[in-house]
Amino acid sequence: MSNALAISGVTAVLQYYLGGVYSGLSALFGGTVTISSQAPDILQNAFSSGGTTQNQVNLFLHQVTQNPSWRNVDLPSLAADGKTQIKNPPLALDLHYLLTAYGSFDWQAEALLGYALLLLHEHPVISRNDVRNALNSVTSTHLPQLATALATSGLADQIEMIKITPATLGKEEMAWLW
């Protein structure tokens, strides 16, 4: 993890590139496609409280775990006195996302999900240059300072690149999420 904004930066990069997939497809889906990163229950409540279902793809970070390969790479470095810590080993994390799609009509959600999955399948590693471009292009009407700070997170320069690996959730894990 490059700094405290790295997790938010990964979500912003994925959200940015998913948004690019749908930018030219509004005619196919009958309107614009919104890309969000909110908890599924917040979206469900918005839909059930009178909000109209829109074409929406949601990327929800539901779990963060330590990466077992990088966890024990190095020990903390101590000064000559044996007490003063000089540096820590890298904080390597695996981010687990739930990707969901919502549509207004039959088959829209499945088509939206199909486009997102194809993007993630065809680009399983996001290059450093693509990370920089995405973070420099991210905007937010609600939190403009955070969007600006993400560009300085150092995410593109960290040891590991962003790698996408599909995973399957068990029945119990799915029940926890919903």
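The structure this text deals with has already been given above.
Residues numbered from 1 in each chain as written. Predicted model: local features only at pLDDT ≥ 70, side-chain atom pairs only at ≥ 80, totals over all residues. Heavy atoms only, no water.

## A closer look at the overall build of the protein chain
Phase 1 of the analysis: Along the backbone of the protein chain there are 8 helices and 7 strands.
Phase 2 of the analysis: Its C-alpha atoms give the protein chain principal-axis dimensions of about 65 × 40 × 30 Å.
Phase 3 of the analysis: Considering only intrachain contacts with a sequence separation of at least 6, the fraction spanning at least 24 residues in the protein chain is 70%.
Phase 4 of the analysis: Here the protein chain displays about 11300 Å² of accessible surface, and carbon together with sulfur accounts for 56% of that area.
Phase 5 of the analysis: Across the protein chain, 7 positive and 12 negative side-chain charges occur, with their mean positions spaced 13 Å apart. (Helix = DSSP H or I, 4+ residues; strand = E, 2+ residues; numbered from the N terminus. Contact = heavy atoms within 4.5 Å. Areas by Shrake-Rupley, 256 points an atom, 1.4 Å probe, with all protein chains shown as cover. Lys, Arg positive; Asp, Glu negative; His and termini not counted. Charge placed at Lys NZ, Arg CZ, Asp CG, Glu CD.)

## A closer look at the packing of aromatic side chains
Phase 1 of the analysis: Throughout the structure, instances matching the rule amount to 4 aromatic pairs.
Phase 2 of the analysis: Relative to Tyr17, the ring of Tyr16 has its centre 5.1 Å away and its plane inclined at 85°; by these criteria the two rings are edge-to-face.
Phase 3 of the analysis: Here the aromatic rings of Tyr22 and Phe29 are separated by 6.2 Å at their centres, their planes lie at 70°, and the arrangement is edge-to-face.
Phase 4 of the analysis: Classification of Phe29 as buried rests on a relative accessible area of 3%.
Phase 5 of the analysis: Three or more aromatic residues joined by ring pairs form one cluster here, namely Tyr22, Phe29 and Tyr115. (Phe/Tyr/Trp six-rings, centres within 6.5 Å; stacked < 30°, edge-to-face > 60°. Buried < 20%, exposed > 50% of the residue type's maximum accessible area, 1.4 Å probe, protein only.)

## Digging into the side chain of Asn55
Phase 1 of the analysis: By the element assignment, Asn55 lies in the loop between helix H3 (40-48) and strand S2 (56-66).
Phase 2 of the analysis: At 2.8 Å, the side chain of Asn55 forms a polar contact with the backbone oxygen of Phe29.
Phase 3 of the analysis: Those residues within four positions of Asn55 in sequence are excluded, and the remaining contacts are Phe29, Gly30, Gly31, Thr32, Val33, Thr34, Tyr102, Gly103, Ser104, Gln108 and Leu112. (Polar contact = N/O pair within 3.5 Å; in protein donor to acceptor, adjacent residues only side chain to side chain.)

## Comments concerning the pattern of salt bridges
Phase 1 of the analysis: Summed over all chains, the structure comprises 2 salt bridges.
Phase 2 of the analysis: Where Asp157 meets Arg132, a salt bridge forms, and the shortest distance between an N and an O atom there is 2.6 Å. Taken as a pair, Asp157 in the loop between helix H7 (144-150) and strand S7 (162-163) and Arg132 in helix H6 (residues 128-137) lie far apart in primary sequence, 25 residues in all.
Phase 3 of the analysis: Across the pair Lys163 and Glu160 runs a salt bridge, and its minimum N-O distance is 3.0 Å. (Salt bridge = Lys/Arg side-chain N within 4 Å of Asp/Glu carboxyl O.)

## With respect to the environment of Ile35
Phase 1 of the analysis: If you trace the backbone, Ile35 turns up in strand S1 (residues 34-36).
Phase 2 of the analysis: Classification of Ile35 as buried rests on a relative accessible area of 14%.
Phase 3 of the analysis: Residues Ile35 and Leu59 lie 24 residues apart in sequence; the distance between their C-alpha atoms is 7.6 Å.
Phase 4 of the analysis: In contact with Ile35, not counting residues within four places along its chain, are Gln15, Leu18, Gly19, Tyr22 and Val57.

## What to know about the sheet that holds S1
The pairing of strands in a sheet happens through backbone hydrogen bonds and is either parallel or antiparallel.
Phase 1 of the analysis: Here we have 3 strands laid out as an open sheet, ordered S1-S2-S5, and mixed in their pairing. Of all the strands in the sheet, just S1 and strand S5 (93-102) have a single pairing partner and so form its edges. On average, each strand axis in the sheet is tilted by 20° relative to the strand beside it, whichever way the strands run.
Phase 2 of the analysis: Where S2 meets S5, 10 bridges bridge the pair, whose relative direction is antiparallel. Residue pairing in the sheet places Gln56 in a bridge with Tyr102 of S5.
Phase 3 of the analysis: In the packing of helix H1 (residues 6-22) onto the sheet, contacts are made with S1, S2 and S5, and the angle to S5 comes to roughly 35°. (Pairing = 2+ DSSP bridges. Axes fitted to C-alpha atoms, helices over the stretch in contact; angles between N-to-C directions.)

These values are about where atoms sit, not about what they do.
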